[in-house]
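As a plain string of letters, each chain reads:
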Amino acid sequence: MLDSHSTQEMGATIHALIALHQHRPGALLPLLHAIQDSVGFIPEAAYAPISKALALSVAEVHGVVTFYHHFRTHKAGQHVMQICRAESCQAMGSEALEAHAKKCLNVDYHQTTADGAITLEPVYCLGNCALSPSVMVGDEIYGRVTAADLDALILEARHAEAKA
Amino acid sequence: MVTKIYIPRDSSALAMGADKVAIAVVAEAKNRGLEVEVIRNGSRGLYWLETMVEVATANGRVAYGPVKVKDVPSLFDADFIDGKAHALSLGLTEEIDWLKKQQRLTFARVGITDPVSLDDYIAHDGYNGLKNALKLSGADIVKIVTDSGLRGRGGAAFPTGIKWNTVLGCEAEQKYIVCNADEGDSGTYSDRMIMEGDPFVLIEGMTIAGVAVGATRGYIYLRSEYPHALIALNEAIANAEKAGYLGDNVLGSGKAFHLEVRRAAGAYVCGEETSLLESLEGKRGLVRFKPPLPAIEGLFGKPTVVNNVISLATVPIILDKGAQFYADYGMGRSRGTLPIQLAGNLKHSGLVELAFGATLRELLYDFGGGSFTGKPIRAVQVGGPLGAYLPESQFDTPLDYEEFTKIWAVLGHGGIVAFDDSVDMAKMARYAFEFCAIESCGKCTPCRIGSTRGVEVIDKITSGKDHARNIALVRDLSDTMLNGSLCALGGMTPYPVLSALNHFGEDFGIGDFGLSQESKAG
């Protein structure tokens, strides 16, 4: 739960980002990226000021946010773990890897672990198809991932979380 | 003397620990008091050997791989910085058979140069194409591209020169060059390799396109799953701007060309050109009706060239060496080379650039080395998630757009995904529908609803319920999607579905098993 101070801070950040991006051609996607990069998600409270600045309806902003898989409307865990579900990774056993991850983390896709450390997401190709199966944690990509590798990645993410 | 050591910054090399290897090499050299310069190059594309470390010697570059952090001390012990032997020695890079057998035109510099060094790019024939283009009229540039026979490498294979000519012929105060870098097809990564390994070649190609058709602004629509490509592109663009290769007055020609990278947001359908344009305009990525063609009414309603990364990155060598040079490669109406991406269950996966005409079998076995698991290769999917599955009996098909059309398959973006005999093809057909349902933009009914109904029908087939009737139903549904969808997402999902059904019917219970299922049910 965000306290009122951080809510205020977030509002100020969003307004600053709107001012920075609103005059670019096709500003909405770059703006949403900037907000998510900075705040971690697109808060619903941002819809009204965005729609005002870009002369769009709130429904249009909502439509764009929800159309794209990349944008999230709620805060994610400390780390986002994406497991590739596409054909090349399937040919190298990604299904077993997905099942292993869900079991170890005790979550399904689009959910966050109870300790808030990891959000699990599916992804459809990371362009690492020569070294399938692939997993991405944050911006770090991993290839030829085994169940043991995945355990190590989970441990590492949780350790980083505990330190932070 | 400072020894130059090359360690890739390519995503797939990073996925195998290239950053850690680079840090270990620098630290070990420092400990031993050796002077080395580590250059973060692109990948040579021999991915099973990543992290591949190369050392510049008097005889040429010597390669070692796959190098792990733990191997670094022993490499120094063996004097690898003088190119000496080690258990991981691969010999002179240029002499590696897998690389030597290729015809690298678009990928001429990838893995060789420092991707973001403009000096390195220029020292390796970079910007020769643009310099030639600036001496020519727009119509002459377009003619060279047309005569080269270059066709859209994104998958549709539409002649690039003809598209450019339409934009050239439009009168408008603003035109755009848009690069489709939303490489979402599973089994493809050549766009990524170019953007991470030789971003200047894409920048040069787009600049030439701009000069040719009179467009002053370009956008690279880059998928959000490629953070390392974003970094390399932005670095390269900044360097090109500083040196006057981009900006208000490109190389003093009086012509302007500005370039910007825009991040996509994880929607597969935005690889479709009209949906991509909607997304660039800041909207939901809904597919547009055609006509009007994007060449006439594209981005913000202005004439727009939309080309794939590989198409644009191939333009510089054509303008440098001439249309005939490029057209001399290839077969039939498929001229030039195709950067093929080997993926999935293969021993030696990686980037193979060859003239059109090589067979699938050569790629799977001579280059790919057979399956990774050692089991027989049962099926391959060529051309991404919307491409057909091919059985062993079709492995002698040459890679050529028209030859693939003849067997109801597509070359697409040149990705080849191999599966061993543990694959369940009914499951792959189900996945094709499932993927379509997840990624459908929702504008047309066959795609939006057909994909979900498709999943249900496949489930009925595999559970043996009304078997014959549901087989007929999935064919009928596929026919509707093929002919009634607005774009290739719904329109081509039947390729993997029906090819799986036609070539691997036993997985759908067709044959003895199917009959007995049916008779049980009936």
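Only a predicted model underlies this, so the values are computations on that prediction, with no experimental measurement involved.

Reading guide: rules and limits
Residues numbered from 1 in each chain as written. Chains lettered and ligands numbered in written order. Predicted model: local features only at pLDDT ≥ 70, side-chain atom pairs only at ≥ 80, totals over all residues. Helix = DSSP H or I, 4+ residues; strand = E, 2+ residues; numbered from the N terminus. Rg over C-alpha atoms; globule rule 2.2 N^0.38 Å. Buried ≥ 20, exposed ≤ 12 C-beta atoms within 10 Å, placed from the backbone. Contact = placed C-beta atoms within 7 Å. Pairing = 2+ DSSP bridges. Axes fitted to C-alpha atoms, helices over the stretch in contact; angles between N-to-C directions. Core = buried A, V, L, I, M, F, W, Y, C linked by C-beta atoms within 7 Å. Parallel < 35°, antiparallel > 145°, perpendicular 65-115°, else oblique. Left-handed = near helix turned anticlockwise from the far one by under 90°. Nonpolar A, V, L, I, M, F, W, Y, C, P; charged D, E, K, R; others polar. pLDDT = per-residue confidence, 0-100.

With respect to the overall build of chain B
Of regular secondary structure, chain B possesses 22 helices and 16 strands. In terms of overall size, chain B behaves like a compact globule, its C-alpha atoms giving a radius of gyration of 24 Å where 522 residues would be expected to give roughly 24 Å. Seen along its three principal axes, the alpha-carbon backbone of chain B occupies a region of about 80 × 60 × 40 Å. Going through the 522 residues of chain B one by one, you find that 57% of them count as buried.

Comments concerning the overall build of chain A
A count of helical and extended segments in chain A gives seven helices and five strands. Principal-axis analysis of the C-alpha atoms places the extent of chain A at approximately 50 × 35 × 20 Å. Taking all 164 residues of chain A together, 40% fall into the buried category. Long-range contacts, defined as pairs at least 24 residues apart, comprise 57% of the intrachain contacts of chain A with a sequence gap of at least 6.

Regarding the sheet that holds strand β15 (residues 389-391) of chain B
Residues and elements named next belong to chain B. Read from one edge to the other, the open sheet built from five strands follows the order β13-β12-β16-β14-β15, with strand pairing classed as mixed. Unpaired on one side and paired on the other, β13 (351-355) and β15 mark the two borders of the sheet. Sheet twist, expressed as the mean angle between neighbouring strand axes with direction ignored, is 30 degrees. Strand direction decides the pairing type here: strand β12 (residues 337-344) and strand β16 (residues 415-420), joined by four bridges, are parallel. Of the residues in β16, the one forming a bridge with Gly-344 is Ala-418.

With respect to the nonpolar core
Residues and elements named next belong to chain B. Ranked by internal contacts, the top residues of the largest apolar core, which has 214 residues, are Val-178, Leu-202, Ala-209, Ala-212, Tyr-221, Val-305 and Val-380. For this core, the element with the highest residue contribution is helix α10 (residues 199-213), accounting for 10 residues. In contact with Val-305, not counting residues within four places along its chain, are Lys-163, Trp-164, Val-167, Ile-177, Val-178, Ala-209, Val-213, Ala-215 and Ala-295.

Things to note about the packing of helix α18 (residues 445-462) of chain B against helix α19 (residues 467-484) of chain B
Residues and elements named next belong to chain B. Two numbers describe how α18 lies on α19: the axes approach to 10 Å, and their chain directions differ by 160 degrees. Relative to α19, the element α18 lies roughly antiparallel. Judged by the sense of rotation from one axis to the other, the crossing of α18 with α19 is left-handed. Taking contact as the criterion, the partners of Pro-446, Cys-447, Gly-450, Arg-453, Gly-454, Val-457, Ile-458, Lys-460 and Ile-461 in α18 are, on α19, His-467, Asn-470, Ile-471, Leu-473, Val-474, Leu-477, Thr-480, Met-481 and Gly-484. A per-class count over the contact of α18 with α19 returns 10 nonpolar, six polar and two charged.

Focus on the pairing of β12(B)
Within β12(B), eight of the eight residues are buried, which leaves the element mostly enclosed by the surrounding structure. The antiparallel hairpin formed by β12(B) and β13(B) contains six residues in its connecting segment.

Brief notes about helix α21 (residues 494-503) of chain B
Here α21(B) lies mainly inside the structure; eight of its 10 residues are buried. Against the buried residues of α21(B) lie β14 (377-382), β15, α17 (425-439), α18, α19 and α20 (488-492) of chain B.

Description of the interface of chain A and chain B
Every contact between the two is made by 34 residues of chain A and, on the other side, 47 residues of chain B. Listed by contribution, the elements that provide at least two residues to the side of chain A that touches chain B are α2 (28-39), α4 (58-67), α5 (87-90) and β5 (140-142) of chain A. If you tally residues by element for the side of chain A that touches chain B, the top one is α2(A), at four residues. For the side of chain A that touches chain B, a count of residues per class yields 21 nonpolar, 11 polar and two charged.

Section: helix α12 (residues 273-280) of chain B
Residue and element names in this part refer to chain B. Burial analysis of α12 places eight of its eight residues in the buried class, the great majority of the element. Within the sequence span of α12, burial applies to Glu-273, Thr-274, Ser-275, Leu-276, Leu-277, Glu-278, Ser-279 and Leu-280. Looking one or two residues beyond α12, the residue adopting positive phi is Gly-282, at roughly 90 degrees.

A short note on the environment of B:Leu390
Residue and element names in this part refer to chain B. Following the sequence through the fold, Leu-390 ends up in strand β15. Each C-alpha atom, one on Leu-390 and one on His-503, is 7.4 Å from the other, the two residues being 113 residues apart in sequence. In contact with Leu-390, other than residues within four places in its own chain, are Leu-360, Ala-379, Val-380, Val-382 and Ala-409.

Here we look at the confidence of the model for chain B
Per-chain confidence: chain B averages 96 in pLDDT, with 98% of residues scoring 70 or above. The ipTM, which scores confidence in the relative placement of chains, is 0.96 for this predicted complex, and the corresponding pTM is 0.96.

Regarding the environment of B:Gly344
Assignment of secondary structure puts B:Gly344 in strand β12. The exposure class assigned to B:Gly344 is buried, which follows from the 31 C-beta atoms found within 10 Å. C-alpha separation for the pair B:Gly344 and B:Ser186, spaced 158 residues apart in sequence, amounts to 9.3 Å. Beyond its immediate stretch of four places on either side in the chain, B:Gly344 contacts A:Glu87, A:Ser88, A:Ala91, A:Met92, A:Cys129, A:Ser132, B:Gly187, B:Val417, B:Ala418 and B:Phe419.

Quick word on the sheet that holds strand β1 (residues 79-84) of chain A
Residues and elements named next belong to chain A. Here five strands make up an open sheet; going across it, the order is β2-β3-β1-β4-β5 and the pairing mixed. Looking along the sheet, the strands with just one partner apiece sit at the ends: β2 (111-112) and β5. Two strands pair when backbone bridges link them, and β2 and strand β3 (residues 118-123) are joined in this way by two bridges, in the antiparallel orientation. Of the residues in β3, the one forming a bridge with Gln-111 is Leu-120.

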